[in-house]
Amino acid sequence: MMNKSGTRVLATLMVAAGVMLCSTFSHAADKLVLGFAQVGAESEWRTANTESIKSSAKEAGVDLKFSDAQQKQENQIKAIRSYIAQKVDVIAFSPVVESGWEPVLREAKAAKIPVILTDRAIKVSDDSLYTAFIGSDFLEEGRRGGRWLEDHYKGAQGPINIAELQGTVGSAPAIDRHNGLIEVIKSDDRFKIIASQSGDFTRAGGKQVMEAMLKSYGKQIQVVYSHNDDMAIGAIQAIEEAGLKPGKDIVIVSFDATKGGFQAMMAGKMNVSVECSPLLGPQLMETAKLVAAGKSVPKRIVTKETVFPMETAAAAFPSRKY
Ligand code: AHR
């Protein structure tokens, strides 16, 4: 049996416990909620990018809502709309293509949800539709690939015929890696792009396109300029199946510098891979937290990258993280 004062003590304790519970819950609710709309799982690069985002969200205590658009813009738009409906704190996405984002970004702006772009840029008439863009400079990557070619063929006679394996049509890396190459080789008329087609950044796509190019141009192809390592690896298979030696009979220039790319370089089958880092997770979490707290962040955050010619691959491989 409890007397009156005992009941009062118990009631006070219960209220205190309630307050503690409430504060625990409100702390959980304080967790930053980030909606991320990923492009897909088209490449080794993308897998590493997804892993970087998921693991850094966990480390940073961010409540991550993640969706995979399977390389389709309409799926990404749907995911962004659902994040708006869920009233997440920040939306981030890696846009599959450059154009067509204004309507959905206007909806996010009207809902006062800041948007951060990662990896790929977009073309919009109003820059205030996104808060920041974290990612590589794809145009510079293309120039790096072009400069490596210039160096490699210093003093050689032309024509030097290039077969280009393009990434996803309309995507920023496909557009910029192409334009970067053109910028460098346009003043050197030895270089000719004799074929150019999209392999959609996949191994299967790269192999299929390379098979068709080999059928049409055969030994005329001296260089394959592949917009990523996955397509280059697919192309290497096609070249070997055609009885030629990738890395020797056909020079392979590629992008990303993934472990798969490094293995191809160490086997002497890929001549160079221009680095493009997918490890954007930590920077994204940091930026999302600042943005959610109303702090200002740089509009453009460029990833630091380098170039790995095949001769450097074995020494660099042990410290590669993706
Ligand atoms: O946007 C980055 C590009 O997308 C990578 O180079 C490619 O591998 C990926 O699929």
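Bear in mind that the values here come from a model prediction, so they are computed numbers and not experimental data.

A. How the structure looks around the pairing of strand E8 (residues 223-226). Going residue by residue along E8, you find Val223 and Tyr225 tucked away on one face and Val224 and Ser226 tucked away on the opposite face as well. With 4 bridges connecting them, strand E6 (residues 160-166) and E8 associate as parallel partners. Within the sheet, the bridge partner assigned to glutamate 164 lies in E8 and is tyrosine 225. The pairing of E8 with strand E9 (residues 251-256) spans 3 bridges and is parallel. By the bridge assignment for E9, valine 224 is matched with isoleucine 252. Taking the sense of rotation as the criterion, the β-α-β connection linking E8, helix H8 (residues 229-241) and E9 turns out right-handed.

B. Quick look at the packing of helix H3 (residues 73-85) against helix H4 (residues 102-110). Following both chains from N to C, one finds H3 and H4 inclined at 10°, their axes separated by 10 Å at the closest point. The orientation of H3 with respect to H4, classified from their angle, is roughly parallel. Taken together, the residues of H4 that come into contact with H3 (itself represented by Ile77, Ile80, Arg81 and Ile84) are Val104, Glu107 and Ala108. Classifying every residue of the contact of H3 with H4 by side-chain character gives 5 nonpolar, no polar and 2 charged.

C. Representation of the domain arrangement of the chain. Partitioning the chain into structural domains gives domain 1 (27-135 + 278-304) and domain 2 (138-276). Each of domain 1 and domain 2 has a C-alpha centre, and these two points are 30 Å apart. Tallying the contact residues gives 13 residues for domain 1 and 20 residues for domain 2. For the domain 1 face of the interface with domain 2, the top three residues by lost area are Glu44, Trp45 and Glu98, together amounting to 42%. Split by residue class, the side of domain 1 that touches domain 2 holds 5 nonpolar, 2 polar and 6 charged.

What counts and what doesn't
- Residues numbered from 1 in each chain as written.
- Predicted model: local features only at pLDDT ≥ 70, side-chain atom pairs only at ≥ 80, totals over all residues.
- Heavy atoms only, no water.
- Buried < 20%, exposed > 50% of the residue type's maximum accessible area, 1.4 Å probe, protein only.
- Helix = DSSP H or I, 4+ residues; strand = E, 2+ residues; numbered from the N terminus.
- Pairing = 2+ DSSP bridges.
- Right-handed = clockwise from strand over helix to strand, strands pointing away.
- Axes fitted to C-alpha atoms, helices over the stretch in contact; angles between N-to-C directions.
- Parallel < 35°, antiparallel > 145°, perpendicular 65-115°, else oblique.
- Contact = heavy atoms within 4.5 Å.
- Nonpolar A, V, L, I, M, F, W, Y, C, P; charged D, E, K, R; others polar.
- Domains from an automatic or database assignment.
- Buried area = accessible area lost by both parts, 1.4 Å probe.

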